[in-house]
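Examining the three-dimensional arrangement
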Amino acid sequence: MVDNIRKILISTFVLVIGLIASMCGRGVEEARPNIIIIMIDDMGWKDFGEAGSTYYETPNIDKLSREGIRFTKGYSSAPVCSPSRGALLTGKYPGRTKFTTVWNQSDAPIDKESVLHTVSKQGEKNGRLNFNYRFEEGLHYHSLPLSETTFADVLSENGYMTGYIGKWHCGWDEKFWPDKRGFQYAEGYRTIPVRTPHFGRAAIGNVAGMSDLQPDDYVGDKLTDKAVEFIKLNGNSDKPFMLMFSHYLVHGPLEGKDDYVEKYKNLPATDQNKPVYAAMMQSVDESVGRLMQALEGAGIEENTIVIFTSDNGGLVPATSNYPLLGGKSYLFEAGMRVPFLVRWKGKILPMVDEKNRVMQTDIFPTLLDIANIQKQGDHQFDGHSIYPLLLNEKNWSQEPVFFHFPHYTHATSPATAIIDNNWKLIRFYNNFEDEQLLLFDLESDPYELSDLSDSRADKLKRLSALMQEYLDNTGGEMPLPNPDFDDSKPVQLDKNRYYRQAVRERTERERLLNEK
């Protein structure tokens, strides 16, 4: 009899403890915020009103900016989209993952058997046959390696419902698709390498989960429908959600809604003067507005943190990044400076942060802090949690930031850059060793118009050492010697070519602005 009573008491005690633990667990779960990351494609740092645009109409993005923190020195981790996306997902520099550039089917065959592609564009030369250049591109992966852990992997393993909608560009083979990278729900990404789809006619049959698309549908609107549905479905669930919404807008081809385009043709332009691009930005802004309305309608505004950014700087001449130098593909400031907005109503004090440099590699470790998840012991971050900055705490120290891009585009040859304490060093490998460097004091020269490499040997030495330490630490792939290089002829595709090109583009934008 006594034994039976003892057993009953023990069983009851265990049950009560279990119920308390369960309730506590739900309490912790409910306390963790939902997370939305809005990634725009090729949006420039000043392509909205709060950042300085007077041509593009962006009331919803402006409202989001005013309600949270706007980091004026927010950076992507690369000047083009695929590596910056991979860096955001992993919290690691592209140089460390070796996922350092964009690739399409023409670069290498899609091999269904091999896990990764490690073939560079070496030998293809991309139209450079008539130039005398020292280096081919560095080797790189053509997909984000499966060995890399994404923030979606960690969040889904820790009780979050994870969703992905829109452009992916981190691997064409299905083994690399977002539904294999930690996202439990994934739609709207291209399944084959086709042109960027803005209307349904370019997306039908090529985009996952969009079987109801009609030829005249605007893809950005349909993706927004999916995002709103996701919020409504998961907004009041027992578990928090994380949604990454990755627009194809405003990447080329420039295609906007006809009535919006006509509207901007009749508005006064500035250095930003493309009506079609302005129309696309209006569609982005309306999308943001619909997402914020969905959060408000679900009653979860104050339990949802929203991060708004772009994968790289704005493409010139589609938009203007003036007064910053360069744009997409450049390692000058406008190539990686992007919108970087964070809103968490009731938690984050609205402000403009003009001091701290933050990078998209910082997002992963920040999400772990926000969700109260311990960092996995074997995961190496290059980013640093900006959670203290979001809470306006002072215990956050600025670290140097690095960019490694051993590739060619219309706007650069293989190069590496570092920024430390407002000093920026860029190394262009095609130049000979004593002519490779550009040095800028971003505090006194934020537009990179005065090269100090000949006059500040002290800074040059220190930043060069830091850059080499970074390359050694990350194991970054370096550009490969060009077997056809003729050292008796002038070096081409060098720093001077691209620096002059960027300055000419900036001068033209300045002229347009002064004419208005």
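Bear in mind the structure is a predicted one, so any value in this text is a computation, not a measurement. Think of each chain on its own: its residues are numbered from 1, step by step along the sequence as written. The predicted nature of this model means local features are confined to residues of pLDDT at least 70 and side-chain atom pairs, given and counted, to a pLDDT of 80 or more, with totals for whole chains, interfaces and linings taken over all residues. Note that water and hydrogens are dropped before the side-chain values are worked out from all heavy atoms of the structure.

For the protein chain, the count of helices and strands is 13 helices and 16 strands. Remark: exposure states derive from per-residue accessible area (1.4 Å probe, protein chains only) relative to the maximum for the residue type, with buried under 20%, exposed over 50%, and partly exposed in between. Residues classed as buried in the protein chain amount to 60% of the 516 residues present. We call two residues contacting when some pair of their heavy atoms lies within 4.5 Å. Within the protein chain, counting contacts between residues at least 6 apart in sequence, those at least 24 apart form 70% of the total. Accessible surface for the protein chain amounts to roughly 21,000 Å². Of this, 51% is attributable to carbon and sulfur atoms. Helix and strand assignments come from DSSP, with helices taken as H or I runs of at least 4 residues and strands as E runs of at least 2, each series counted from the N terminus. The Shrake-Rupley method, run with a 1.4 Å probe, gives the accessible areas here. Residue values count only the displayed protein chains as cover.

Here we come to the confidence of the model for the protein chain. Confidence scores labelled pLDDT are given residue by residue by the predictor and lie between 0 and 100. Mean pLDDT over the protein chain: 89, with 89% of residues reaching 70 or higher. Every residue in residues 112-124 is under pLDDT 50, and counting partners more than four places away or in other chains gives 37 contacts.

The next point concerns the pairing of strand 7 (residues 241-246). Of all six residues in strand 7, six are buried; the element is thus mostly enclosed. Alternating positions in strand 7 separate into two faces, F241, L243 and F245 on one and M242, M244 and S246 on the other, with burial throughout. Here five bridges tie strand 1 (residues 34-40) to strand 7, and the two strands are oriented parallel to one another. In the sheet register, I35 faces strand 7, and the bridge partner there is M242. Think of it this way: DSSP has to see at least two bridges between two strands before they count as a pair. With six bridges joining them, strand 5 (residues 161-166) and strand 7 adopt parallel strand pairing. By the bridge assignment for strand 7, G163 is matched with L243.

A few words now on the nonpolar core. Remark: nonpolar core denotes a set of buried residues (Ala, Val, Leu, Ile, Met, Phe, Trp, Tyr, Cys) joined through side-chain atoms within 4.5 Å. Counting residues in each nonpolar core, the largest one holds 51 residues, and the members touching the most others are I38, I61, I231, F241 and F308. It is helix 8 (residues 275-297) that contributes the most residues to this core, 11 residues altogether. Here I38 is in contact with F245, V288, L291, M292, V306, I307, F308 and T309, once residues within four sequence places are set aside. Residues F71, A186, F364 and L367 belong to the second largest nonpolar core, which totals 43 residues.

Attention now goes to the pattern of salt bridges. A pair is scored as a salt bridge if a Lys or Arg side-chain nitrogen falls within 4 Å of a carboxyl oxygen belonging to Asp or Glu. This model, assessed by the stated rule, comprises 31 salt bridges. Across the salt bridge formed by K92 and E148, the nearest N and O atoms sit 2.8 Å from each other. With K92 in the loop between helix 3 (81-90) and helix 4 (94-97) and E148 in the loop between strand 4 (135-136) and helix 5 (151-157), the pair connects residues that are 56 residues apart, well separated along the chain. The pair K92 / E148 is uniform in exposure class, with both members buried. For K424, the salt bridge is made with E448, and the minimal N-O distance between the two is 3.0 Å. Taken together, the residues span a long stretch of sequence, with K424 in strand 14 (residues 423-428) and E448 in the loop between strand 15 (437-441) and helix 12 (457-474) at a distance of 24 residues. Both residues of the pair, K424 and E448, belong to the buried class. Connected through salt bridges with shared partners, the residues K63, E67, E301, R343 and K345 form a single ionic network.

Multiply 1.5 Å by the residue count of a helix minus one, and that product is the helix's expected span. Here helix 8 is 23 residues long and its end C-alpha atoms lie 33 Å apart, about the 33 Å a rise of 1.5 Å per residue gives. The buried fraction of helix 8 is high, at 17 of 23 residues. Looking one or two residues beyond helix 8, the residue adopting positive phi is G299, at roughly 70°.

Here the residue pair G252 and P253 is connected by a cis peptide bond, since its omega of 5° sits within 30 degrees of zero. Of note in this structure, N422 is not a glycine but carries a positive phi near 70°. As for its position among the elements, N422 is in the loop between strand 13 (415-420) and strand 14. One non-glycine residue, E448, lies in the positive phi region at around 60°.

This next bit is on the sheet that holds strand 15. Taken in spatial order, the four strands line up as 12-13-14-15 in an open sheet, and their pairing is antiparallel. Of all strands in the sheet, those bounded by a partner on one side alone are strand 12 (401-405) and strand 15. Strand-to-strand, the axes of this sheet are offset by a mean angle of 10°, without reference to chain direction. With five bridges joining them, strand 12 and strand 13 adopt antiparallel strand pairing. Bridging across to strand 13, H404 finds its partner in T416. Contacts from helix 12 reach strand 12, strand 13, strand 14 and strand 15, with the element oriented near 115° to strand 13. In this analysis an axis means a line fitted to C-alpha atoms, helices contributing only their contacting stretch, and an angle means the value between N-to-C directions, from 0 to 180 degrees.

Moving on, we get to the side chain of T224. Looking at where T224 falls in the secondary structure, it is placed in helix 6 (residues 219-234). Taking relative accessible area as the criterion, T224 reaches 1% and is therefore assigned buried. Contacts of T224, omitting those with residues within four sequence positions, involve F245, H247, S287, R290 and L291.

A separate point is helix 13 (residues 495-515). Over its 21 residues, helix 13 runs 30 Å from end to end, which matches the ideal 30 Å to within 8%, given 1.5 Å per residue. Every buried residue belonging to helix 13 is among K495, Y498, Y499, Q501, A502, R506, R509 and L512, and all of these are buried. Down the axis of helix 13, the sector holding all buried residues measures 160°, keeping them to one side. Turned more than 90 degrees from where helix 13 packs its buried face, R504, N514 and E515 sit exposed. Check the buried side of helix 13 and you find it contacts strand 14 and strand 15. Here the arc refers to the set of directions running from the helix axis out to each C-beta atom.

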